[in-house]
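Each chain is listed here by its residues.
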Amino acid sequence: MNVLIVNAGSSSLKYQLFNTETKTVLAKGGCERIGEKGGNISHKVPEKTPYEKNQELQNHEDAIKLVIETLTDKEVGCIASMDEIGAVGHRVVHGGPYFTGSVLATEDVLAKVELCKELAPLHIGPSLVGIHACMDVMKNVPQVLVFDTAFHSTMPEEAYTFAIPREYSEKYHIRRYGFHGSSHRYVSREMIQILGKPAEETKIVTCHLGNGSSIAAVKGGKVIDTTMGFTPLDGLMMGTRSGAIDPAIVSFLMEKENLSADQINNILNKKSGILGVYGASSDFRDCRMAMEEKKDPRATLAIRMLAYQVKKYIGAYTAAMGGLDAVVFTAGIGENNNIIRAMPCEGLEFLGIEIDHAVNDGIKRPIQTTKISTENSKVQVYLIPTNEELIIAEDTESVVSALK
Ligand code: AMP
């Protein structure tokens, strides 16, 4: 089945056409500046020259129409007609307390997604607009919603509950939800296969380290804890996000600097993390270059902080799971940077972790699944390139197949 994977933002719409039989991407691209001046599409089909076109896009409907027009174009497209799209899979950031798996977009379902808006207003609003646009333009194509939070819904109460008055947690559904679920699910599934023992017996820490970063403890194939919380701000420091900090810093800064809720949110989401500590960039590449080539002390501190935090969570989650079979590194930073795989593992020999530095330092492109621990290492450490699209496409196909 060809599944069109859609990820709608407030003024953008990213897409991939994915074939579930061959597990390959047939085309990918995105529309930008939707509802603004200068709308455009960029589109790429493997083996063909990348294609770009400027076209005013008044709304998401215009954008999805242009995507279909481009996908079915004789020159730059890859399918003959919309009939070759079996289903659409929408990536939705937050399923709130309502969704523990992927579902068909029905009126009831969309009403519940509407309720999740409060939990992630910047993301859910645009997602809903994108979903409605696809439903309008592709009337006979089933639309499936795949939630970033769903894979984490197996966490036990003691892991997902925050110690605030119960009245507030209940009234506002405040709890740890976790994010990057499709990525943690994909890499843990791959790792379970590599381990070659029954899934129920496996204990894996998955480290998704990118612009946004999170770690999950996956025991018996199910998440028992994860670092992101009520929102994707919790846990590890990230490109521009602070990660977990003493919550009292929030009210302290608000008072001292006379900041509104919006302003403090902006500081913690957009100006903190690597950018906040290093100061010059939020990109790990720049920070690493400044550390290695200029010996920049702030860049060095930012990288040491991130490595230390990853190490702490590996230790914490090993304790939570009562053991450890494997650690997996994935996403932009985890896949492309040997130091962020090696540094957190330094000194963890007592846990049975031993990195093969020659292998870890010698990884070449294209990045492939690679074992980076030694043969003697009791814990297997792997780099596994993530594939969230595969999970979204597979889920979409299985929801649609169940309808028949
Ligand atoms: P993501 O959010 O998963 O796309 O990851 C973005 C982060 O990955 C940025 O901080 C980049 O510095 C880092 N990254 C992406 N590609 C590379 C690369 N080829 N080499 C080094 N770092 C990379």
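Since the model is a prediction, treat every value here as computed from it, not as a measurement. (Residues numbered from 1 in each chain as written. Predicted model: local features only at pLDDT ≥ 70, side-chain atom pairs only at ≥ 80, totals over all residues. Heavy atoms only, no water.)

Enquirer: When you look at the pairing of strand β6 (residues 87-92) in this model, what are you seeing that I'm missing?
Expert: Where a strand is regular, its side chains alternate between the two sheet faces. With 5 of 6 residues buried, β6 is to be regarded as a mostly interior element. In terms of strand pairing, strand β1 (residues 2-8) meets β6 through 4 bridges, oriented parallel. Its bridge partner being in β6, I5 is matched across the sheet by G89. The pairing of β6 with strand β8 (residues 143-147) spans 5 bridges and is classified as parallel. Across the sheet, V92 pairs through a bridge with F147, a residue of β8. (Buried < 20%, exposed > 50% of the residue type's maximum accessible area, 1.4 Å probe, protein only. Helix = DSSP H or I, 4+ residues; strand = E, 2+ residues; numbered from the N terminus. Pairing = 2+ DSSP bridges.)

Enquirer: I tried to follow the sheet that holds β6 on my own but got confused; where do I start?
Expert: Sheets are built from strands that pair by backbone hydrogen bonding, the pairs being arranged parallel or antiparallel. Taking strand neighbours across the sheet as the criterion, the 8 strands line up as β5-β4-β3-β2-β1-β6-β8-β7 in an open arrangement whose pairing is mixed. Only two strands of the sheet have a single neighbouring strand rather than two, namely β5 (51-54) and β7 (103-104). The sheet contacts of helix α1 (residues 60-71) involve β1, β2 (13-19), β3 (24-32), β4 (40-44) and β5, and relative to β2 the element is tilted by about 35 degrees. The sheet strands contacting helix α3 (residues 121-137) are β1, β6 and β8, and the helix crosses β6 at an angle near 170 degrees. (Contact = heavy atoms within 4.5 Å. Axes fitted to C-alpha atoms, helices over the stretch in contact; angles between N-to-C directions.)

Enquirer: Any chance you could explain the packing of aromatic side chains here in plain terms?
Expert: Two aromatic rings, taken as a pair, are described by how far apart their centres are and by the angle between their planes. This model, assessed by the stated rule, comprises 4 aromatic pairs. Between F99 and F147 the ring centres are 4.4 Å apart and the planes differ by 5 degrees, which places this aromatic pair in the stacked class. Highlighted residues: F99 in the loop between β6 and β7 and F147 in strand β8, separated in sequence by 48 residues. The same class applies to F99 and to F147, which are both buried. Their ring planes at 40 degrees and their centres at 5.8 Å tell us that Y313 and Y317 sit as a pair that is tilted. (Phe/Tyr/Trp six-rings, centres within 6.5 Å; stacked < 30°, edge-to-face > 60°.)

Enquirer: I tried to follow the nonpolar core on my own but got confused; where do I start?
Expert: A general trend in soluble globular proteins is that nonpolar side chains are found buried together. Counting 36 residues, the largest nonpolar core has V310, V327, F329 and I353 as the members making the most contacts within it. For this core, the elements supplying multiple residues, two or more each, are β9 (203-209), β10 (213-219), α9 (273-278), α10 (284-294), α11 (297-321), β12 (326-330) and α13 (338-342). If one sorts the elements of this core by residue count, α11 sits on top with 9 residues. V6, Y15, I64 and C134 belong to the second largest nonpolar core, which has 25 residues in total. (Core = buried A, V, L, I, M, F, W, Y, C linked by side-chain atoms within 4.5 Å.)

Enquirer: Honestly, unusual backbone geometry in this entry has me stumped. Any pointers?
Expert: Residues other than glycine predominantly adopt negative phi, and peptide bonds predominantly adopt the trans conformation. A cis geometry characterises the amide bond from R365 onward to P366, with omega recorded as -5 degrees. Note on placement: P366 falls in the loop between α14 (357-361) and β13 (370-371). With a phi close to 55 degrees, H173 is a non-glycine residue in the positive phi region. Looking at the element boundaries, H173 is found in the loop between α5 (166-172) and α6 (181-195). Accessibility expressed as a relative area gives 32% for H173, which makes it partly exposed. The residue K295 is not glycine, and still its phi comes out positive at about 55 degrees. Mapped onto the secondary structure, K295 falls in the loop between α10 and α11.

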